[in-house]
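Topology and contacts: notes
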Amino acid sequence: MSVRDVLSPFAAWKHLFRDPVSIKDPFNREASERYRGFHQNDIEKCIGCGTCEAICQNGAIDMLPVSGVDGVQTRPGDSGLRPRIDYGRCCWCALCVDVCMTGSLSMSNAYKWVEADPDKFRYIPGVDKKHWDDYEHGYRRPEGHRLNAPERIEMPELEPGERIDSFAEIVGGYSVEQARLEADRCVTCGICVATCPTHMPIPEYISAVRDGDYEAGLKLLYDSNPFSQICGKICTRRCETTCAASHEGDPIAIRWLKRHITEQVPFERYRAIIGEPAAATGHSVAIVGAGPAGMTTAFDLARLGHKVHVYEAQSHAGGMTRYGIPEYRLPFDTIQREIDLIVSMGVEMHYNTRIGADISMAQLQQDHDAVVLSIGLWLGRSTRVPGSDHRNVYKAVDLLRRIRDGEQLQAPKSMVVIGGGNVAMDIARSMARLQQQQHGQIAITLTALEDKSHFLADPVEIKESIEEQVTILDSRGPQECMVDDQDNLLGLRTWRVHSIFDENGRFAPSYDDGDEMVHEGEWVVEAIGQMSDVAILGDELTEKLDWNRGRIQVDEDGRTSESWLWSAGDMVRGPDVVHAVADGHRTARSIHAHLSALDKQENA
Amino acid sequence: MAEYPDRSQYPAHLPDGSCDIDLSSGKYLKLWQGPNHPGITGNMSVELTVCGDEVVEGRTHVGYLHRGFEKLMERRTFIQCFPIVCRICVPEPDFNEYCYAAAVEELAGVEVPEKANWIRTLILEMGRVNSYLMYLGGQAGAFGQGVIGQWTTYARDLMLDRFEELTGARIYHMFILPGGVRDDLPEGFDQRMEETLREIESTLADVHDTMFRNAVFKKRAMGLGRVDPAWVDEYGVTGPVARAAGVAKDVRSDQPYLVYRELDLEPVIAHESDAYARADVRRRDLLMSVDLIRQVLARMPRKGPVMATLPNVLHWKIPRGETYVRGECSRGEYGYYLVTDGSGYPRRVNVRGPSYTHAMALLEKLIVNVNISDVAGLLVSLHTYPPEIER
Ligand code: SF4
Ligand code: SF4
């Protein structure tokens, strides 16, 4: 120790003359740009998926219904819930912001909030207005910072060159590893379930894929959808359009994961997993039409112990899935397995039996406790433009049926398709294959009324059609099927579409006749919609039933104005497999309730 | 069982040969220092038996701060543990974030982007600076020098500003998460950091004059709480306490982690092994951290990602395994022992904080024969943070 040790501490005195270092106005100091302060939520963007609630380890988030506030609605894709944050619990970790599926949740850099009532420190950001709602700064999820993978695992598929000259199935199916990775992306929010017409337990079966528990997954599938193998391949997948993951990335490949489960379980095991039907009830139900709606009704009722007879005009069951969807999308054996499974529940099939010709409705009414009419939409609509009655102008449904029936169609060298929906794509792509096989080249023009951004067909279908060299023209309105004096069809003349609907939203296309095109084609195929062949009902029944714009009027359970008759599927809901399945369930529930009521009456 | 004393006789006849204290003799007095006492860092207490103003025996008591972190983590998913861990050590939370993330990454097989490792190193050194600044204030305060604490708190505040702009928070940064770090450096960060470092250096110069060249501090700290170098291995002593005893132990150079291999550093040592030497080692280590921060900013890559692609964290399962990940924090070796069992939750997490050995075993040994007025100074000279004792 030295004198220096006594003197040098006096250096502290120099601080006496320094300016104070404290901030002048600490109460108004703005926090840094990334500061994690009170939450903000873009209420319009948020879908109420609750992923923030799931990740918060403090239990600081509750999802509360706010339907009706500021345009928040309970509807497909939006649960109508919004997160409420409890600042007695929040630790400002921002995991909720990091995991938010829509990017709606963020944090402002506000950090001061004084309140006498402790219960006030709980609010729904974006709904309960706060002064920091529009603070510019605060924590936002940094670009590229994700806690779940935004990109979908690609499905192995045949390349256009490999697939174009055959009807081989295009989609290969996920491997176990691919499926696991894809299933891993799902956040188990359940937003999709509300959108699925038949409300399949999607997050649960996706969890089953993740865990590799395929048998549990299969049980979940078949308890909600007896067409799971088929839907796993061709479902219109409404669920994926609302999937929470679609907001900031690709939606989960829900359909492919369903398909994966059905592929992983050996078919021989299906029956044991689904379980035995209930003991026979002694009731009998007749179902007309073996499509998805009819067969779903049959499956449900048979499992409940009712005797079911299905009457089918064709030689095979499956309805439009069998006769309307090309084989490259849905191979026959998939349909056959599905039907076998349903039949194994004790359903009796009557093929090649046409109502009106082979058996009458009156007869069915007499023999059964209830009758279901599910005959689908088998008559193609016509544009009725001049020349559309020419022999080489076809309806897409008829052609598809002939192809699926195994007929060796002679494809024309060139062809025009009218329509922009999935059926139009189906017939274009089927004929493209036949052209490739028979002529070695493809010449198909598809003209749709809608513009590209409003196409009715699945975007994947459009993409694949283009890959298969189908020429797709949008906003073209058919004017005439052109016929020469030798009665040969020359092609289709179209005008550019101005608008499709009038100001009242009614279908009334208007055209720009200055923009005319002629599309050459030996054939013209109309794929603009279908109708039901209700003539089979006979005059008497037709007279008795209530109708609504050409469709049989049914209540919400599918019951017609005749108490013994239900109607289900495409003929009441419009064309879609999974809607038909949902309808089948509804109808089966209603019939079961009706039959149970009959039992009660008898016992009373 | 003979190893343990018969509690009915406590504290007489302890098998380790400690003194036989007869309280009824009137010669001894029992005193409690803490759990709330200005000279105690955090909440722990020392049960002192004194004779006159000299301590004849001291027993440490902890448990006042127990929040059960390790157990909590067994009920949290791997991502949910991330916001918890920083709370295990308030003044230097980042080691918990780093060790936890590194353990998870190792067992899950996650490759962290290069740049994230540099940013992690930067954060850990920033945290070390803060921890030492807090210590210096506390150490001086324990010997009655209030002004040092005011200066170092100011310097620390500047560093907290840097933390705030980088991580979005001042104390609990929650920035190093499994897979990398949350974000890149903000614009203009280097320059503001340089200003902060200069301010810290000038504060330290003043601290050096007023504290380290202060006769009072020297008189009280020199010779106080001498740690025999032989105890270093015996007691598991690490960090500045070991280095002040001449044992050049520093995980950063012994088993370089993150990017320490690419930085120039030399463990700071001293030989006197008393409270003064420990304070001085920390002061010089602080200056080294300042230098390391400069090195990191000068050498780190400026392009590339800072976060690896993680599997969906909501149902992240990690295969069965176990690992121990360590780093050199301002108090010594900090480590996480993590056991996973293939489920979505850690099977066991054990946090090894250096305070455990320093504040419990070592203190009880050093405290004998110390004057009561120096107990606080001695305790602080071991630089302990009770929260990391009670995980
Ligand atoms: S910031 Fe963290 S603690 Fe707060 S609500 Fe979000 S997830 Fe929960
Ligand atoms: S599939 Fe999409 S919407 Fe459905 S639970 Fe998973 S993330 Fe949510």
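Since we're looking at a predicted model, the values are computed, not measured.

Quick look at the sheet that holds strand 16 (residues 489-501) of chain A now. All names here are of chain A. Pairing is antiparallel across the open sheet formed by three strands, whose spatial order is 15-16-17. Every other strand in the sheet has two partners, leaving strand 15 (476-483) and strand 17 (507-520) as the edge strands with one partner each. In this sheet, neighbouring strand axes are inclined to one another by 25° on average, regardless of whether the strands run parallel or antiparallel. Pairing analysis gives seven bridges linking strand 15 to strand 16, with the strands arranged antiparallel. Note that in strand 16 the partner of Pro 478 across the bridge is Thr 494.

As a matter of local geometry, ligand 1 sits amid 13 residues, with Cys 56, Cys 90, Cys 93, Ala 94 and Cys 96 of chain A nearest to it. When the residues that make up the shell around ligand 1 are grouped by side-chain class, the tally is eleven nonpolar, two polar and no charged.

Let's shift gears to the pattern of salt bridges. This structure, assessed with the given rule, holds 77 salt bridges over all chains. Its salt-bridge partner being Asp 183 of chain B, residue Arg 34 of chain A comes within 3.6 Å of it at the nearest N-O pair. Of this pair, Arg 34 of chain A sits in the loop between helix 1 (3-7) and strand 1 (39-41) while Asp 183 of chain B sits in the loop between strand 5 (180-181) and helix 6 (189-212), on two different chains. Among the ionic pairs, Arg 271 of chain A bridges to Glu 276 of chain A, the shortest N-O distance being 3.1 Å. Sharing partners across several salt bridges, the network here consists of Arg 163, Arg 329, Asp 426, Arg 429, Arg 433, Glu 461, Lys 463, Glu 464, Glu 467 and Glu 468 of chain A.

So, about the domain arrangement of chain B. All names here are of chain B. Annotation of chain B at the domain level lists domain 1 (1-65 + 354-373) and domain 2 (69-352). Relative to domain 2, the C-alpha centre of domain 1 lies at a distance of 30 Å. On the side of domain 2, 18 residues touch domain 1, which itself brings ten residues to the contact. Put simply, domain 1 and domain 2 have three residue pairs in polar contact (both at pLDDT 80 or more) between them.

To continue, consider the sheet that holds strand 11 (residues 393-395) of chain A. Residue and element names in this part refer to chain A. Spatial strand order, 11-18-12-13-14: five strands in an open sheet with parallel pairing. Unpaired on one side and paired on the other, strand 11 and strand 14 (471-473) mark the two borders of the sheet. For this sheet the average axis-to-axis angle between neighbouring strands, irrespective of direction, equals 20°. With three bridges connecting them, strand 11 and strand 18 (residues 523-526) associate as parallel partners. Across the sheet, residue Tyr 394 finds its bridge partner in strand 18, namely Val 525. Strand contacts of helix 17 (residues 396-404): strand 11 and strand 18, with the helix running at about 75° to strand 11, the strand carrying the most contacts.

Each value, and the rule that gives it
Residues numbered from 1 in each chain as written. Chains lettered and ligands numbered in written order. Predicted model: local features only at pLDDT ≥ 70, side-chain atom pairs only at ≥ 80, totals over all residues. Heavy atoms only, no water. Pairing = 2+ DSSP bridges. Helix = DSSP H or I, 4+ residues; strand = E, 2+ residues; numbered from the N terminus. Axes fitted to C-alpha atoms, helices over the stretch in contact; angles between N-to-C directions. Near = heavy atom within 4 Å. Nonpolar A, V, L, I, M, F, W, Y, C, P; charged D, E, K, R; others polar. Salt bridge = Lys/Arg side-chain N within 4 Å of Asp/Glu carboxyl O. Domains from an automatic or database assignment. Contact = heavy atoms within 4.5 Å. Polar contact = N/O pair within 3.5 Å; in protein donor to acceptor, adjacent residues only side chain to side chain.

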